[in-house]
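Structural description and commentary
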Amino acid sequence: MATTLPPDEMPTHWYNIQADLPEPVPPPKDPDEGPSRLKALPEMLISECLRQESTTERWVTIPEEILELYAQAGRPRPLIRARRLEKVLGTPAKLYYKAEFYSPTGSHKVNTALAQAWYAKREGYERLATETGAGQWGTALAYAASLVGLKTTIYWVRAVYDWKAERRAFMRLYGAEVHASPSKETKVGRALLKQNPRHPGSLGIAVSEGLEDARSDERAIYCLGSVLNHVLLHQTIIGLETKRQFELLGEDPDVLVSSLGGGSNFGGFTLPFLADAIHGKDLRFIAAQSETAPNLQGEYRYDFADHAELTPMLKMYTLGHKKEMKPIKGDGLRYHGCAPVLSLLRHLGYIDTVAYPVDEKHVFTRARQFIQAEGFLPAPESAYSVACAIDEAERCKEAGEAKTIAFNISGHGFMDMPGYAEVLGL
Ligand SMILES: Cc1ncc(COP(=O)(O)O)c(C=O)c1O
């Protein structure tokens, strides 16, 4: 059973958790040595996004034109009760999933891509440069840029670029220039290729390349697909819709689950509910991660957001910005750090985490259970959310608990079949 929202119930504001945090998010800072990254921030980010980074207004108006773009991209999206899956599992738990996979490019990433591209166009830029891991963010930005009339250059982690030929073509269909990262296009990329011509790349490296590219062209601006406050802010459209849908159902989730790489879909889905937890409501939040990048089990300290140390330092849970992590099929989760807002909430005890083995067998087996019961194909990253929700439902079965578990399916896996095939031997 799917709960849709009438179009006139689509949220008109994004929710900013900074207004409700028990203590402020530690601000970005400069390293002890080298040029000031903080002073360079206005050259790195779209002005409106930079303003949104530190605003403490609780509700940020979504411009009318972005609301129209959201509607065109199929928002609001359904919340679906997984009745068939519940039956197969024989669990007393109720399972609900938010269908972010109903997206023109395949994932939740369009929610911030449309906003960033629209603001960039309004500020007079002609081109966007960015990183991508899974390829979902790159496609979303290429799509959004195409709709508002901008060019895009994408630096795509080579370990994924190499096996997702269809998504590569998809981005180019939108008119984007796509480079495997590390690439020969930037100083950062060339230096790494010199050390290893087949360097698999990482999100941290691709971020450095995107930043270097945009900063060398005054008509271009860099866009980031996760981690920063403004990205999570745009993504709260997911959780706000979900909250309203639960109200319409007369239900209340007990547990909220989602996958976490840099934190954008987890944050977007949970932040409106985390506000209730801060105000005393008994809710559990679980971030599903990979053992290749269990950043929420790292250290809570200042670190760079990119490999080449071009960004200011952010206070976050981190594995270290130079950490080498083995590529996986859900490679969008392979990032060294977690969004500062979520890191603070983890530090304060609001967020639990689970990290799944690098062979991904458990995760993809759970995704197969979901596919066979519910019919939808989750993206490899979203399969972590599915696996975690099913594991929780199994625990409820053992304990005889009728909890309500809500999970976010951040994207579809239509272009990721070689990943499923390899892991499951299809
Ligand atoms: C479909 C999908 N889900 C989740 C993620 C993880 O990123 P984030 O933590 O920013 O949601 C990615 C990243 O590429 C993705 O493509």
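Anything mentioned here points back to the structure above.
Residues numbered from 1 in each chain as written. Predicted model: local features only at pLDDT ≥ 70, side-chain atom pairs only at ≥ 80, totals over all residues. Heavy atoms only, no water.

With that out of the way, let us pick up the sheet that holds strand E8 (residues 177–181). A sheet is described by the order of its strands in space; here four strands give the open sequence E8-E7-E6-E9, paired in parallel fashion. Sheet topology places E8 and strand E9 (220–222) at the edges, where each strand pairs with a single neighbour. Each strand axis lies, on average, 20° off the axis of its neighbour in the sheet, ignoring direction. The pairing of strand E6 (residues 127–132) with E9 spans three bridges and is parallel. Note that in E9 the partner of Ala129 across the bridge is Tyr222. Seen against the sheet, helix H6 (residues 136–148) touches E6 and strand E7 (151–157) and runs at an angle of roughly 165° to E6. Sheet strands touched by helix H8 (residues 165–173): E6, E7 and E8. Its angle to E7, the strand with the most contacts, is close to 165°. (Pairing = 2+ DSSP bridges. Helix = DSSP H or I, 4+ residues; strand = E, 2+ residues; numbered from the N terminus. Axes fitted to C-alpha atoms, helices over the stretch in contact; angles between N-to-C directions. Contact = heavy atoms within 4.5 Å.)

Within the structure, the ligand sits among 19 residues, and Ser226, Gly261, Ser264, Asn265 and Ser410 are positioned closest to it. Ser264 places a polar side-chain atom, nitrogen or oxygen, 2.7 Å from an oxygen atom of the ligand. Bound to the protein, the ligand loses 97% of the 390 Å² it would expose on its own. Of all elements in the fold, only helix H12 (264–278) and helix H15 (380–399) reach the threshold of two or more residues within the shell around the ligand. Across the shell around the ligand, the residue classes break down as four nonpolar, 13 polar and two charged. (Near = heavy atom within 4 Å. Polar contact = N/O pair within 3.5 Å; in protein donor to acceptor, adjacent residues only side chain to side chain. Areas by Shrake-Rupley, 256 points an atom, 1.4 Å probe, with all protein chains shown as cover. Nonpolar A, V, L, I, M, F, W, Y, C, P; charged D, E, K, R; others polar.)

Okay, the nonpolar core next. Nonpolar side chains tend to gather and get buried jointly when the protein is soluble and globular. With 67 residues, the main nonpolar core has Trp14, Ile17, Leu128, Phe285, Leu342 and Ile351 as its most contacted residues. With 37 residues, the next largest nonpolar core counts Val255, Val386, Ala387 and Ile405 among its residues. (Core = buried A, V, L, I, M, F, W, Y, C linked by side-chain atoms within 4.5 Å. Buried < 20%, exposed > 50% of the residue type's maximum accessible area, 1.4 Å probe, protein only.)

Geometry of an aromatic ring pair is reported as the spacing of the ring centres plus the angle between the planes. One pass over the full model with this rule turns up 16 aromatic pairs. Geometrically, the ring pair formed by Tyr143 and Tyr174 is edge-to-face, given 5.8 Å between the ring centres and 70° between the ring planes. In this pair, Tyr143 sits in helix H6 while Tyr174 sits in the loop between H8 and E8, placing the two residues 31 residues apart along the sequence. Within the aromatic cluster, the residues linked to one another by ring pairs are Tyr97, Phe101, Tyr102, Phe370, Phe376 and Phe407. Sitting over the ring of Tyr302, Lys29 keeps its end group 4.7 Å from the ring centre. When the ring centre of Trp163 is taken as origin, the NZ or CZ atom of Lys329, which lies over that ring, is 4.8 Å away. (Phe/Tyr/Trp six-rings, centres within 6.5 Å; stacked < 30°, edge-to-face > 60°. Lys NZ or Arg CZ within 6 Å of the ring centre and 35° of its normal.)

Secondary-structure assignment places Arg127 in strand E6. On the basis of relative accessible area, Arg127 is assigned to the buried category, the value being 16%. A distance of 2.7 Å separates the side chain of Arg127 from the side chain of Thr153, its partner in a polar contact. In contact with Arg127, not counting residues within four places along its chain, are Leu150, Lys151, Thr152, Thr153, Asp213, Asp217, Arg219, Ala220 and Ile221.

What follows deals with the pattern of salt bridges. Under the criterion given, the structure shown has 28 salt bridges. Residues Arg51 and Glu57 are paired through a salt bridge, measuring 3.1 Å at the closest nitrogen-oxygen approach. With relative accessibility at 39%, the residue Arg51 sits in the partly exposed group. (Salt bridge = Lys/Arg side-chain N within 4 Å of Asp/Glu carboxyl O.)

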